[in-house]
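Residue-level structure breakdown
Take a look at the letters that make up each chain.
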Amino acid sequence: MMNLHFDNISKSYKGKTVLKNISGKINSADKIGLVGANGIGKTTLAAVLARREVYDGGKISCVPDHGKILYVEQYPVFDADVTVYQEIYRVVAASHKPTKDVKATVTKALHRINLAEEKWQQPALTLSGGEKTKLALCRAMVSDFDLLILDEPTNHLDINSYQWLEDFVTGLSQPLLVISHDRYFLDNVVNQIWELTGHGLRVYPGNYSAFRMQKEIEEDSLTRQYNKQQMKIQQLKEVINQRKNWYSSAHKAAGQNDFYRSKAKKHAHVLKAKERELARLEENKVDKPVKAVSPAFEIINKNINHNKLPQYLLQGKNVSKSFGDKPVLQQISFDIKRGDKIALIGANGAGKTTLLKIICQLDQHYSGHVTINPSVKIGYFAQQLDNLNPGATVLDEALTQGPTVAEARLLLACLLFRGDDVFKKINQLSMGERGRVAFAKLILSGANLLVLDEPTNYMDMQSKEKVEAVLADFSGSMLFVSHDRYFIQRLANTVLVIDNQRLHRYDGDYHYYLAKMQEQQAKAKVGADYQQLTDTVRQLEIELAFLGGKLNGVLDEEEKASLNERFLSTAKELNKAKQLLSRR
């Protein structure tokens, strides 16, 4: 098993410090999630630890020295003219893992990542972004390594691909370091969070949700410390002012009188002691915590709360769409009701963006009917962020929707544009920042139905959480496409799934959808006996509860032994029935 230690690692690019005195360790049982703002140096740290980058200062040590670190980069690279099959074949053939049949191992691995067989003989370089990510992860699955480092492994993957990736990393016996903005993924696979900030690296035990709880406790504690210190500083300043006045008065009154001169000297000693105490406090001052701006409920819902909307905002009947000879949607029907918060999910290329454009009437080349109530105002968020003026400022863009300057600045502050940030030009912003500007414009537009296509793409975790906070307070309706399962679970009360050109509706949150999918898979496996097995499990659970209650009563030895035997027999039978149901 591998252990890695690093001390005081520093790294600069062209004179700009990216990492400064970063220290930490990776132990054999660690599954670590590395988080932090975009541009803070997460990929640089990962590349340094993986020996892909040379560092300027510090020390890295591994036990054993020859331990192999496998680094799967965010944008995987493949050799020219190497096919998908060849790429995995040569890794399996070179592996030290015991493999009786190389071809069978390759086939199994490619099937596991759900890469279509017709893709296996084409050059790896010709794959889509998501397919390249799958292939890079497949390469990792069949490789030898002592430490695995993954840089944004869920990027470009569709929601159906997450399960095999999570199964793979949770089943690892080797340590893992993963950079990810996918909070649901981090909740499921890591047992430790590293947060990289401008002040260094902090380690938090547990998954992402545990990290967020610890951060909230820290922030509350810091606020209390700051308030307490500010109160102490204010008290000391008041005491010092009083002592200065007393000393001045006493010194004047003392003249040549030794008694009064002695009293004045005491005031001077106390004054100097208080000034020294104040200086120490000022030197070790707790920084003022950055207070989260309220999600500005009234601004978010300014044009919604006072307008009565009908029950059905929008309805689609028998909608079909093809691109040339390729059908994408076939005879689908749907509706969006007042209060719906709908997540639209499906594999890449399933037609999610196409359906959003049809609903927004941006694509009118389809068959069937879409009826939109006249009182509905749709606000559309496109992945491309093509509705921003590159030469305008952040504030200018927000003001195009008609709010007051105060309203625009408050909402922008909720979305992390504070102070002079609002005067930055759009062409100076990162893609994540542009996404937040486009989102602010959408909210300020007064739309009562938001149609969002990957609204948190390019955003770091803090930005995602700010957008979520605003959407959680939005009292209108929403239809959104997202691969972020944490985002979906927090916001959706309904899930729509596009599968094989059809649309399926699940009236519940994301966890409800997952439970229904598991139930459907169980039914498919068990077949006609599913309902009978379900009834058997329910009956056995009732009987087990009854027997448990009887065993807790006053019994003679013979009766107790008989009941205990029945209890154990029923428990075994129940376990067997549950195993039959859970097979999938």
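**Section: the overall build of the protein chain**
In terms of regular secondary structure, the protein chain is built from 18 helices and 18 strands. In terms of overall dimensions, the protein chain is more spread out than a globule: its C-alpha atoms have a radius of gyration of 31 Å, far above the 25 Å expected for 584 residues. If you take every contact in the protein chain between residues at least 6 apart in sequence, the share linking residues at least 24 apart comes to 68%. Here the protein chain displays about 30,700 Å² of accessible surface, and carbon together with sulfur accounts for 49% of that area. Side chains of the protein chain carry 79 positive and 67 negative charges; the gap between the two charge centres is 7 Å.

**A short note on the sheet that holds strand 4 (residues 57-63)**
Taken together, the three strands give an open sheet; going across it, the order is 2-1-4, and neighbouring strands pair in antiparallel fashion. Of all strands in the sheet, those bounded by a partner on one side alone are strand 2 (16-26) and strand 4. Averaged over all adjacent pairs, the angle separating strand axes in this sheet is 15 degrees, with direction ignored. Sheet topology note: the strand 1 (residues 3-13)/strand 4 ladder contains six bridges and is antiparallel.

**Some remarks on the packing of aromatic side chains**
With the rule as written, the count across this model stands at 10 aromatic pairs. Between tyrosine 506 and tyrosine 513, the ring centres sit 5.2 Å apart and the planes meet at 75 degrees, which makes this aromatic pair edge-to-face. Given the relative accessible area of 10%, tyrosine 506 is considered buried. With a centroid separation of 5.7 Å and 35 degrees between ring planes, the pair formed by tyrosine 510 and tyrosine 513 is classed as tilted. Here the residue tyrosine 510 and the residue tyrosine 513 both occupy positions in helix 16 (residues 510-526), the gap between them amounting to three residues, near one helical turn. Within the aromatic cluster, the residues linked to one another by ring pairs are Tyr184, Tyr506, Tyr510 and Tyr513.

**Comments concerning empty space enclosed by the protein**
Going through the model one piece at a time under the given rule, you end up with one cavity of 30 Å³ or more. Roughly 40 Å³ of internal volume is contained in the largest cavity. In terms of lining, the largest cavity is formed by Val72, Glu73, Pro76, Thr133, Ala136, Leu137, Asp151, Glu152 and Pro153. Considering each element in turn, the lining of the largest cavity owes the most residues, three residues, to helix 4 (residues 129-141). Here the lining of the largest cavity is built from residues that sort into five nonpolar, one polar and three charged.

**Let's talk about the layout of surface pockets**
What the second largest pocket holds in volume is close to 1,200 Å³. Lining the second largest pocket are 47 residues; nearest its centre among them are Thr154, Asn155, His156, Asn457 and Tyr458. Considered class by class, the residues forming the lining of the second largest pocket number 13 nonpolar, 23 polar and 11 charged.

**So, helix 4**
Over its 13 residues, helix 4 runs 19 Å from end to end, which matches the ideal 18 Å to within 8%, given 1.5 Å per residue. For helix 4, the tally of buried residues reaches 11 of 13 residues, placing the bulk of the element in the interior. At its buried positions, helix 4 is contacted by strand 5 (69-72), helix 2 (84-94), helix 3 (102-112), strand 6 (147-151) and helix 5 (162-170).

**Quick notes on the sheet that holds strand 11 (residues 326-337)**
One open sheet accounts for three strands, arranged 11-10-13; its pairing is antiparallel. In this open sheet, the two edge strands, each paired with only one partner strand, are strand 11 and strand 13 (367-372). Strand-to-strand twist in this sheet, taken as the mean axis angle between neighbours without regard to direction, amounts to 15 degrees. In terms of strand pairing, strand 10 (residues 312-323) meets strand 13 through five bridges, oriented antiparallel. Note on strand 13: the bridge partner recorded for lysine 317 is histidine 369.

**Here's the deal with the pattern of salt bridges**
On inspection of all chains with the given rule, the structure shows 27 salt bridges. One salt bridge in this structure joins arginine 52 and glutamate 73, with 3.8 Å as the shortest N-O distance. Taken together, the residues arginine 52 in the loop between helix 1 (42-49) and strand 4 and glutamate 73 in the loop between strand 5 and helix 2 connect sequence positions 21 residues apart. For glutamate 277, the salt bridge is made with lysine 232, and the minimal N-O distance between the two is 3.7 Å.

**A few points about the packing of helix 4 against helix 5**
Orientation of helix 4 relative to helix 5, taken along the N-to-C sense of each, is 25 degrees, at an axis distance of 11 Å. Considered as vectors, helix 4 and helix 5 are oriented roughly parallel to each other. Classified by chirality, the crossing of helix 5 by helix 4 is left-handed. Contact residues: helix 4 offers Lys134, Leu137, Ala140 and Met141, while helix 5 offers Trp164, Leu165 and Phe168. Taken together, the residues of the contact of helix 4 with helix 5 sort by class into six nonpolar, no polar and one charged.

**Considering the nonpolar core**
Nonpolar side chains in soluble globular proteins generally cluster together in the buried interior. Within the largest apolar cluster, 94 residues are counted, with the highest numbers of intra-cluster contacts made by Leu110, Leu148, Val169, Leu450, Leu471 and Phe480. Ranked by residues supplied to this core, first place goes to helix 13 (residues 431-444) with seven residues. In terms of nonpolar packing, the next biggest core, distinct from the first, is built from 27 residues, Leu314, Val328, Leu344 and Ile498 among them.

Conventions and cut-offs
- Residues numbered from 1 in each chain as written.
- Predicted model: local features only at pLDDT ≥ 70, side-chain atom pairs only at ≥ 80, totals over all residues.
- Heavy atoms only, no water.
- Helix = DSSP H or I, 4+ residues; strand = E, 2+ residues; numbered from the N terminus.
- Rg over C-alpha atoms; globule rule 2.2 N^0.38 Å.
- Contact = heavy atoms within 4.5 Å.
- Areas by Shrake-Rupley, 256 points an atom, 1.4 Å probe, with all protein chains shown as cover.
- Lys, Arg positive; Asp, Glu negative; His and termini not counted.
- Charge placed at Lys NZ, Arg CZ, Asp CG, Glu CD.
- Pairing = 2+ DSSP bridges.
- Axes fitted to C-alpha atoms, helices over the stretch in contact; angles between N-to-C directions.
- Phe/Tyr/Trp six-rings, centres within 6.5 Å; stacked < 30°, edge-to-face > 60°.
- Buried < 20%, exposed > 50% of the residue type's maximum accessible area, 1.4 Å probe, protein only.
- 1 Å grid on protein atoms, 1.4 Å probe; cavity = no way out; pocket = protein on both sides within 12 Å on 5 of 7 lines; lining within 4 Å.
- Points joined across faces, edges and corners; volume = space filled by probe spheres on them.
- Nonpolar A, V, L, I, M, F, W, Y, C, P; charged D, E, K, R; others polar.
- Expected span 1.5 Å × (residues − 1).
- Salt bridge = Lys/Arg side-chain N within 4 Å of Asp/Glu carboxyl O.
- Parallel < 35°, antiparallel > 145°, perpendicular 65-115°, else oblique.
- Left-handed = near helix turned anticlockwise from the far one by under 90°.
- Core = buried A, V, L, I, M, F, W, Y, C linked by side-chain atoms within 4.5 Å.

Read these as geometric descriptors, not functional statements.
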